[in-house]
Amino acid sequence: LTFNGLLVSIAKGMLFVLLSTLLVYWLALREYEKIQRATSLLRGVIEGTSDAVFVKDTEGRYLLVNAA
């Protein structure tokens, strides 16, 4: 392996890591935006009803409560 060959291998590896990182970031951002939209919709429905609505976790702690 020559010095130039080594530099090419390193550059390819760095490019692979960069592109992989960008892809994972983009996919995570897309999922985050989907969750944000769904949460916003759910919150709008819960706040818009006159019925009492609450959500608890498995420990019994309140996670979400509307004004009713």
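Residues numbered from 1 in each chain as written. Predicted model: local features only at pLDDT ≥ 70, side-chain atom pairs only at ≥ 80, totals over all residues. Heavy atoms only, no water.

A. The arrangement of the overall build of the protein chain in detail. Check the secondary structure of the protein chain and you find 1 helix and 2 strands. Starting at the N terminus and walking to the C terminus, you meet the elements of the protein chain as α-β-β. In terms of overall size, the protein chain is more extended than a compact globule, its C-alpha atoms giving a radius of gyration of 24 Å where 68 residues would be expected to give roughly 11 Å. Overall, the C-alpha framework of the protein chain stretches about 75 × 25 × 10 Å when taken along its three principal axes. For the protein chain, the computed accessible surface area is about 6100 Å², with 68% contributed by carbon and sulfur atoms. The distance from the centre of the 7 positive side-chain charges to the centre of the 6 negative ones in the protein chain is 11 Å. (Helix = DSSP H or I, 4+ residues; strand = E, 2+ residues; numbered from the N terminus. Rg over C-alpha atoms; globule rule 2.2 N^0.38 Å. Areas by Shrake-Rupley, 256 points an atom, 1.4 Å probe, with all protein chains shown as cover. Lys, Arg positive; Asp, Glu negative; His and termini not counted. Charge placed at Lys NZ, Arg CZ, Asp CG, Glu CD.)

B. Here's a closer look at the pattern of salt bridges. Summed over the entire model, instances satisfying the criterion amount to 2 salt bridges. As a salt-bridge pair, Glu31 and Lys34 come within 3.3 Å of each other at their nearest N and O atoms. In this pair, Glu31 and Lys34 both sit in helix α1 (residues 3-48), 3 residues apart, roughly one turn of the helix. Note that Arg61 and Asp57 form a salt bridge whose closest N and O atoms lie 2.8 Å from each other. Arg61 sits in the exposed class, given a relative accessible area of 51%. (Salt bridge = Lys/Arg side-chain N within 4 Å of Asp/Glu carboxyl O. Buried < 20%, exposed > 50% of the residue type's maximum accessible area, 1.4 Å probe, protein only.)

C. Region of interest: the side chain of Asn66. For Asn66, the location among the structural elements is in the segment after β2 (62-65). A polar contact of 2.7 Å, which involves the side chain of Asn66, links it to the backbone oxygen of Asp51. A polar side-chain atom of Asn66 sits 2.9 Å from the main-chain amide nitrogen of Val53. For Asn66, the contacting residues outside a window of four places in its chain are Ile46, Glu47, Thr49, Asp51, Ala52 and Val53. (Polar contact = N/O pair within 3.5 Å; in protein donor to acceptor, adjacent residues only side chain to side chain. Contact = heavy atoms within 4.5 Å.)

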